[in-house]
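# Analysis of the macromolecular model
Letter by letter, the chains look like this.
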Amino acid sequence: MNHILIIEDEESIAELQKDYLEMNGYAVSISLDGSTGLQTALTEDVDLVLLDVMLPGMDGFSVCKALRQKKDIPILMVTAKVEDIDKIRGLGLGADDYIVKPFIPSELVARVKAHLTRYQRLVGKADHDIQIRGLHIDRKSRRVKVDEEEIVLTAKEFNLLSFLAQNPDHVFSKEELFDRIWGFDSVGDISTITVHIRKIREKIEKDPSQPEYLETVWGAGYRFKK
């Protein structure tokens, strides 16, 4: 049974979320402030976090940033109002999606289910390493090394690199990659693919301007060169 952690200071909203998620077979815990929620997320076996943006003390953005540095679980931010700058900030810190209050309970459940399914598909059955030239991707431990030097990637960077490396020489459009890694219904812009590819290249390529691994196919997308 998947364990969902709700970090929400409005207890009535948290209880509503909890009721609907439990009705759909999830185990649910509630934390009413950011600091307590972060500690719970880091110390307990949590599969997904529903994170309110406006929290007393430690706000949702700070919780998201601190949690993402330690764990790779899906983070769905919940807010009463989403401005573009907030979306960019949250997604940049590692959030996977946004849900805007007031939300339809069935939509909340659907988004939770979609992100858990996608996450489990990407990493849940990782049972082999990928080794291509000097690049080593350990899918179980989610660690990457280049010429035996460990490289630190964000969750989305790892998922994107791992997916492309599992499908070498196949050209994927930005739209396809966004759908596979972020999900069709996720908040965001496909231009984030370009940004993530650039950041991965900066970390794994000897010369990012002449990539050895991640190749741009102009007018078509990207592929991993085997």
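For the structure given in this document, a descriptive report is provided here. All values derive from a computational prediction rather than experimental measurement.

For the structure on display, the rule yields two aromatic pairs. Taking 4.9 Å as the distance between ring centres and 55 degrees as the angle between the ring planes, the aromatic pair formed by F163 and F172 counts as tilted. Its relative accessible area of 4% is what places F172 among the buried residues.

Counting residues in hydrophobic clusters, the biggest one holds 27 residues, and the most contacted among them are L135, I137, V144, L161, L164, L177 and F224. Mapped onto this core, the elements with two or more residues apiece are β6 (130-132), β7 (135-138), β8 (143-146), α6 (155-166), α7 (174-181), α8 (191-204) and β11 (221-224). Here this core takes six residues from α6, the largest share from any one element. Apart from residues lying up to four places away in sequence, F224 is in contact with I132, L135, L161, L164, A165, P168, D169, Y213 and L214. Of all hydrophobic cores here, the second largest spans 18 residues; its members include A41, L67, I75 and Y98.

To continue, consider helix α1 (residues 11-23). The periodicity of an α-helix, 3.6 residues per turn, causes residues three or four positions apart to be oriented the same way. The terminal C-alpha atoms of α1 lie 18 Å apart, and with 13 residues this matches the ideal 18 Å at 1.5 Å per residue to within 8%. Among the residues making up α1, those that are buried are I13, A14, Q17, K18 and L21. Down the axis of α1, the smallest arc covering the buried residues is 135 degrees, so these residues share one side. Exposed residues on α1 whose side chains face more than 90 degrees from its buried face are S12 and M23. Taken from the residues just after α1, G25 is the one with a positive phi, measuring 90 degrees.

Reading the values: the criteria
Residues numbered from 1 in each chain as written. Predicted model: local features only at pLDDT ≥ 70, side-chain atom pairs only at ≥ 80, totals over all residues. Heavy atoms only, no water. Phe/Tyr/Trp six-rings, centres within 6.5 Å; stacked < 30°, edge-to-face > 60°. Buried < 20%, exposed > 50% of the residue type's maximum accessible area, 1.4 Å probe, protein only. Core = buried A, V, L, I, M, F, W, Y, C linked by side-chain atoms within 4.5 Å. Helix = DSSP H or I, 4+ residues; strand = E, 2+ residues; numbered from the N terminus. Contact = heavy atoms within 4.5 Å. Expected span 1.5 Å × (residues − 1). Arc of directions from axis to C-beta.

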